[in-house]
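# Notes for the structure review
These are the residues of each chain, in order.
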Amino acid sequence: MTFDRSIKIAPSILSADFANFGQEIQAVEAQGADWIHVDVMDGHFVPNLTFGPPLCKAIRPHIKTVMDVHLMIAPVDPYIDAFADAGADILTAHLEAGPHIHRTLQAIRGAGCKAGLALNPGTGIDDVAYLLDMVDLICVMTVNPGFGGQKFIHSQIDKVKRLREMIGDRPIHIEIDGGITPETAPLMVAAGADVLVAGSAVFKGGSVQNPAPYGDNIRAIRAAAGSA
Ligand code: DX5
Ligand code: ZN
């Protein structure tokens, strides 16, 4: 993975057909997805359950772009090697997931993955300062994690602006996760984001049999983001 700040659209397979992940991934990549965002939930850190390392390993061969794994789990550390073995390119852990996020980020890089740090909407950015040299991506949650299709939280725009200033020239992506649509995408790109996760706004109206709407949806978000 080479670093650049071009706008990347990362469909979240949380909104895909769970019986058809392989084909859904192939469809959204053929329709223009830049990364594939994989939401791992444990029913403890967040009030929902999705899937773990075996599913990630099973879908890995279908992903030609970047496998962006968002861990909404606590604890994180016991599972890092399993997700790395499953083929994650990026492993993102939440700042709120435990008392030793510094150790977690070290372990993620130690396992050969890019390290991501996710922040819940209620979390400030002061604690990010001493982690900047350990992260490749900061994920700003613009909904409370757990479910797709929730409403975008506008207070996070200011957080992204401040994070962008804090990051300076460092090669760190700012990823936005939750409620991204053609309406909200430009707000976040203007604030400094370069990776836009979108679940419901990408998968709505389409299917494996009818993937063209995925392309229309991705292009609509990209065009809106480009006008920021
Ligand atoms: C929420 C997940 C998101 C979610 C986004 O906990 O981390 O990635 O799938 O879904 P939308 O784009 O529908 O808000
Ligand atoms: Zn996510």
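Residues numbered from 1 in each chain as written. Chains lettered and ligands numbered in written order. Predicted model: local features only at pLDDT ≥ 70, side-chain atom pairs only at ≥ 80, totals over all residues. Heavy atoms only, no water.

This is how the line gets drawn: UniProt positions are given in the numbering used here, feature names are shortened, and annotations may be inferred rather than shown by experiment.
For the protein, the name recorded in an unreviewed UniProt entry is Ribulose-phosphate 3-epimerase, with Lutimaribacter saemankumensis as its organism. Within the UniProt record for the protein, the comment given under Function (unreviewed entry) is "Catalyzes the reversible epimerization of D-ribulose 5-phosphate to D-xylulose 5-phosphate." Checking UniProt for the protein, the heading Pathway (unreviewed entry) contains the comment "Carbohydrate degradation."

## A look at the UniProt feature "binding site: a divalent metal cation" (unreviewed entry) in the protein
As a reminder of what qualifies: Only protein atoms enter the 1 Å grid used here, on which a cavity is any set of points holding a 1.4 Å probe that cannot leave and a pocket is any open set flanked by protein within 12 Å on both sides along at least five of seven lines; residues with an atom within 4 Å of a point are listed as lining. In this description a helix means any DSSP run of H or I spanning at least four residues, a strand means any run of E spanning at least two, and both kinds are numbered starting from the N terminus. Contacts between residues were defined by any pair of non-hydrogen atoms, one from each residue, lying within 4.5 Å.
Under the local residue numbering, the UniProt record ascribes the feature "binding site: a divalent metal cation" (unreviewed entry) to H37, D39, H70 and D177. On the basis of their most widely separated C-alpha atoms, the annotated residues across 141 residues gather in one place, lying no more than 10.4 Å apart. Those annotated residues that line the largest pocket are D39, H70 and D177. For D39, the location among the structural elements is in strand β2 (residues 36-41). Those residues within four positions of D39 in sequence are excluded, and the remaining contacts are S12, L14, T50, F51, H70, M72 and D177. Positionally, H70 belongs in strand β3 (residues 67-72).

## Re the sheet that holds β2
Formally: Whether two strands pair comes down to DSSP finding at least two bridges between them. All axes here are fitted lines through C-alpha atoms, helices being fitted over the stretch that makes contact, and every angle between N-to-C directions spans 0 to 180 degrees.
Read from one edge to the other, the open sheet built from eight strands follows the order β1-β8-β7-β6-β5-β4-β3-β2, with strand pairing classed as parallel. With one partner strand each, in any of the chains shown, β1 (8-11) and β2 form the two edges of the open sheet. Going across the sheet, the axis of each strand differs from the next one's by a mean of 25 degrees, ignoring polarity. One ladder, built from four bridges, connects strand β5 (residues 114-119) with strand β6 (residues 137-141); its direction is parallel. Opposite G116, over in β6, you have L137 as the bridge partner. Along the sheet, helix α4 (residues 101-110) makes contact with β4 (90-94) and β5, crossing β5 at roughly 150 degrees.

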